[in-house]
Amino acid sequence: MKIVVAGTGFVGLPHAAVCSEYGHEVYAYDIDTKRIAAYKTAKREEIEKYVNEPGLASIIQENINRSLHFIDDLEPVIEGVDAFFLCLPTPPNRDGSSNLSYYFDAVNHLAKLLAKRADQRRVVIINKSTVPVGTGRQLEEVLKSHNVPNVGIASNPEFLPEGNAVEKSRHPDRVVVGADTEEDFRILRRIYSQFINHVRIAFIETTPETAESIKYVANTLLLTYISFWNGVGGRLAESVSNVRMEDLKRGVTADTRISKWGSFVSNGAGGSCFGKDIQSLIYQLKSRNQSTDLLESVYEINEYQKTYLIDRAAAEAGVKFNNKVVALLGLAFKQRTNDMRDASALKVVESLLGRGVKEIRAYDPMAEEEAKRFFNPEHNHLFERISYHPSAKAALEGSDMLFISTDWEEFRGLSSTIESTVPAPYLIIDGRRMIPDYNELVERGYSYLAVGSPYLNK
Ligand SMILES: NC(=O)c1ccc[n+]([C@@H]2O[C@H](COP(=O)([O-])OP(=O)(O)OC[C@H]3O[C@@H](n4cnc5c(N)ncnc54)[C@H](O)[C@@H]3O)[C@@H](O)[C@H]2O)c1
């Protein structure tokens, strides 16, 4: 199949790369010419400046200029295309609704080109962006208004978790395709032939509207589950002495009806999707006069969670942040990614600077460059107070307290680094429960304040 993937970010680039592995002829298109130029070099460090996913650079290196091509102009490849995937950003507007301007800019451009093509074989425009339910119908209207001949629309939502994009593109839990005609389903089946009749992968054929809904219900359900642990399990263990968070989790999730995934407590779930998708679904349901109380609570619990440890430190440990030096470990929204969109660390930094800290000594194994974009001192002079360090140990040096914001594996064995770098008394604020032997540190004079624990000190 000749496939064009429009938008080569966290979703589009892994999708294009993995499709090229399956022998399709893939053109990965983006309006960001710098990004395309970087991908064309096929150099790992250039690719990873934009999308840093394990295994991705190798697939690109193996397939570039064979089954995978990077383009910043659609016109030369438009003839003979079987499918266009739309992997475009759909960020939130101020009112929570989805901003579809990038999406429809791309769609209008594509429709104009498709209307002029000489080859009039069936072509399907497949949406992978997360878009409000019913957007596929709007896409259809735009194509009609441009008189594009022999075209179908489809919805094929993306469920990949960042940090595991390649693995999940190769081995997804399910592939959901929503289309209107058998002809279009046939094209989708050929694109995804490796997943048809697979023993472990559900290949779900449905209507475009159902496919669009599956994405929103799935994502908001995951955030609801995460927020339940934060807002209920975590609160119990924080406010009643002698409730052990890890045992609570194991005891509850030993029931096979209850998911183990998501049964953690944390300083909130970030990333480009959870917050944006729940806000969009709230907006969509409200505009259909439906109740949104549950979703609004989930959204609030998750946002509150991002900085509530700082409030707890002030209230329970009497911490005065003014003029203090804070080591901040972890900037990315989760481990194994450099993505900082909606990361808890953004709110943590805002809150700490708002409380007058003198310096934030930050370390993240992958996200330093991204952080420098988010915390640009030209936009806010307070960001000059952030310094970046090459290791956890270097960030800890000379600090008055520690805040752990991301669940990087390397932070799990931190106790000895802490002891050898910052002597007690010293406050550890743990947003990810990364220090399993915290009781021993408390014994040695450190104070420990974590999600899922009461404030502990000797
Ligand atoms: N990031 C995730 O983990 C994830 C997971 C599932 C679904 N999604 C959804 O997928 C969509 C894309 O997300 P993303 O994280 O890949 O976004 P992204 O911002 O990483 O990438 C989007 C890309 O689209 C390009 N672009 C913008 N306008 C364009 C146009 N007119 N023509 C061609 N390219 C254009 C941008 O330059 C950018 O490279 C969103 O709707 C998102 O909600 C994201």
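Residues numbered from 1 in each chain as written. Predicted model: local features only at pLDDT ≥ 70, side-chain atom pairs only at ≥ 80, totals over all residues. Heavy atoms only, no water.

Looking up the protein chain in an unreviewed UniProt entry gives the name UDP-glucose 6-dehydrogenase, with the organism given as Herpetosiphon aurantiacus. Turning to the protein chain, the UniProt annotation filed under Pathway (unreviewed entry) states: "Nucleotide-sugar biosynthesis; UDP-alpha-D-glucuronate biosynthesis; UDP-alpha-D-glucuronate from UDP-alpha-D-glucose: step 1/1." As recorded by UniProt, the Catalytic activity (unreviewed entry) comment attached to the protein chain reads in full: "UDP-alpha-D-glucose + 2 NAD(+) + H2O = UDP-alpha-D-glucuronate + 2 NADH + 3 H(+)". (UniProt positions renumbered as here; feature names shortened; annotations may be inferred.)

Participant: Looking at this structure, I do not really get the pairing of strand S4 (residues 83–86). What am I missing?
Facilitator: Within a regular strand, side chains alternate between the sheet's two faces. Residues Ala83 and Phe85 of S4 are buried on one face, and the alternating residues Phe84 and Leu86, pointing to the opposite face, are buried as well. Relative to S4, strand S1 (residues 2–6) is paired through four bridges, and the arrangement is parallel. Bridge pairing links Val4 to Phe84 in S4. For S4 and strand S5 (residues 123–127), the ladder comprises four bridges, and the chain directions are parallel. The residue of S5 that forms the bridge with Leu86 is Asn127. (Buried < 20%, exposed > 50% of the residue type's maximum accessible area, 1.4 Å probe, protein only. Helix = DSSP H or I, 4+ residues; strand = E, 2+ residues; numbered from the N terminus. Pairing = 2+ DSSP bridges.)

Participant: Can you help me understand the UniProt feature "binding site: NAD(+)" (unreviewed entry) in the protein chain in this one?
Facilitator: In the numbering used here, UniProt assigns the feature "binding site: NAD(+)" (unreviewed entry) to Asp30, Arg35, Thr90, Thr130, Glu162, Lys276 and Arg341. The named residues occupy 312 residues along the chain; their greatest pairwise C-alpha distance, 24.2 Å, places them well apart from one another. Lining residues of the largest cavity, restricted to the annotated ones just named, are Thr130. Looking at where Arg35 falls in the secondary structure, it is placed in helix H2 (residues 33–41). Discounting chain neighbours no more than four positions away, the residues touching Arg35 are Thr8, Gly9, Asp30, Tyr50 and Val51. With respect to the helices, strands and loops of the structure, Glu162 is situated in the loop between strand S6 (151–155) and helix H7 (165–170). Glu162 sits in the buried class, given a relative accessible area of 10%. For Glu162, the contacting residues outside a window of four places in its chain are Phe10, Glu53, Ser272, Phe333, Lys334, Thr337, Asp339 and Arg341. (1 Å grid on protein atoms, 1.4 Å probe; cavity = no way out; pocket = protein on both sides within 12 Å on 5 of 7 lines; lining within 4 Å. Contact = heavy atoms within 4.5 Å.)

Participant: Hey, could you run me through the UniProt feature "active site" (unreviewed entry) in the protein chain in this one?
Facilitator: The UniProt record annotates "active site" (unreviewed entry) at Cys273. For Cys273, the position within the fold is in the loop between helix H10 (245–253) and helix H11 (274–286).

Participant: Help me out: how do you make sense of the nonpolar core in this one?
Facilitator: The tendency in soluble globular proteins is for nonpolar side chains to be buried as a group. Ranked by size, the top nonpolar core spans 61 residues in total, and within it Leu331, Phe375, Leu402, Phe411, Ile418 and Ile428 carry the most contacts. A domain-level breakdown of this core finds at least three residues from each of domain 2 (210–301) and domain 3 (306–458). Grouped together as the second largest cluster of nonpolar side chains are 41 residues, Ile3, Val5, Ala16 and Ile36 included. (Core = buried A, V, L, I, M, F, W, Y, C linked by side-chain atoms within 4.5 Å. Domains from an automatic or database assignment.)

Participant: Looking at this structure, how should I read the site of the ligand?
Facilitator: Close to the ligand lie 26 residues, the nearest being Val11, Asp30, Thr90, Glu162 and Lys276. At 2.6 Å from an oxygen atom of the ligand is found a side-chain nitrogen or oxygen belonging to Thr90. Within the contact set of the ligand, a nitrogen atom lies 3.5 Å away from a side-chain nitrogen or oxygen of Ser272. For the ligand, the protein covers 91% of the area, taking 840 Å² as the surface of the free molecule. Each of two domains, domain 1 (2–206) and domain 2 (210–301), supplies a minimum of three residues to the shell around the ligand. (Near = heavy atom within 4 Å. Polar contact = N/O pair within 3.5 Å; in protein donor to acceptor, adjacent residues only side chain to side chain. Areas by Shrake-Rupley, 256 points an atom, 1.4 Å probe, with all protein chains shown as cover.)

Participant: Just to check I follow, could you spell out the environment of Thr130 for this structure?
Facilitator: Tracing the sequence through the fold places Thr130 in the loop between S5 and helix H6 (135–145). Remark: the alpha-carbon pair of Thr130 and Glu419, spanning 289 residues in sequence, is separated by 46 Å. Not counting residues up to four positions away in its chain, the partners in contact with Thr130 are Thr90, Lys215, Tyr216, Lys276 and Asp277.

Participant: How should I be thinking about the side chain of Ser387 in this particular structure?
Facilitator: With respect to the helices and strands, the residue Ser387 is situated in strand S11 (residues 386–388). Separated by 2.7 Å, the side chains of Ser387 and His389 make a polar contact. Not counting chain neighbours up to four residues away, the residues in contact with Ser387 comprise Glu359, Ile360, Arg361 and Ala362.

Participant: What is the right way to read the layout of surface pockets from this model?
Facilitator: If a probe the size of a water molecule is rolled over the atoms, the empty space left behind becomes visible. Roughly 230 Å³ of internal volume is contained in the second largest pocket. Taken together, 14 residues form the lining of the second largest pocket, with Asn242, Val243, Tyr438, Pro454 and Leu456 sitting closest to its centre. For the lining of the second largest pocket, the per-class residue count stands at seven nonpolar, five polar and two charged. A domain split of the lining of the second largest pocket shows at least three residues from each of domain 2 (210–301) and domain 3 (306–458). (Points joined across faces, edges and corners; volume = space filled by probe spheres on them. Nonpolar A, V, L, I, M, F, W, Y, C, P; charged D, E, K, R; others polar.)

Participant: Teacher, can you tell me more about empty space enclosed by the protein here?
Facilitator: Overall, the coordinates contain two cavities of 30 Å³ or more when judged by the stated rule. Forming the walls of the largest cavity are Asn127, Ser129, Thr130, Val131, Ser155, Pro157, Glu212, Lys215 and Tyr216. Element by element, the count of residues in the lining of the largest cavity is highest for helix H9 (residues 208–239), at three residues. Tallied by class, residues from the lining of the largest cavity come to three nonpolar, four polar and two charged. The residues that make up the lining of the largest cavity include at least three from each of domain 1 (2–206) and domain 2 (210–301). Of the volumes computed, that of the second largest cavity is approximately 30 Å³. Taken together, Ala6, Tyr29, Leu74, Leu86, Ala106, His109 and Leu110 make up the lining of the second largest cavity. Counting residues per element, the lining of the second largest cavity draws most heavily on helix H5 (residues 101–116), which supplies three residues. Counted by class, the lining of the second largest cavity contains six nonpolar, one polar and no charged residues.

Participant: I tried to follow the sheet that holds S5 on my own but got confused; where do I start?
Facilitator: Strand order in the open sheet made by the eight strands is S3-S2-S1-S4-S5-S6-S7-S8, with mixed pairing throughout. Here the strands that pair on one side only, and so sit at the sheet edges, are strand S3 (68–71) and strand S8 (202–206). The mean angle between the axes of side-by-side strands here comes to 20°, regardless of whether they run parallel or antiparallel. Lying over the sheet, H6 contacts S4, S5 and S6, oriented at roughly 160° with respect to S6. (Axes fitted to C-alpha atoms, helices over the stretch in contact; angles between N-to-C directions.)

Participant: Which parts of the structure should I look at to understand the sheet that holds S11?
Facilitator: Paired through backbone hydrogen bonds, the strands of a sheet run either parallel or antiparallel to each other. Pairing is parallel in the open sheet, where six strands are placed in the order S11-S10-S9-S12-S13-S14. The sheet terminates laterally at S11 and strand S14 (447–450), the two strands that pair on one side only. Between one strand axis and the next, the sheet turns through 20° on average, direction left out of account.

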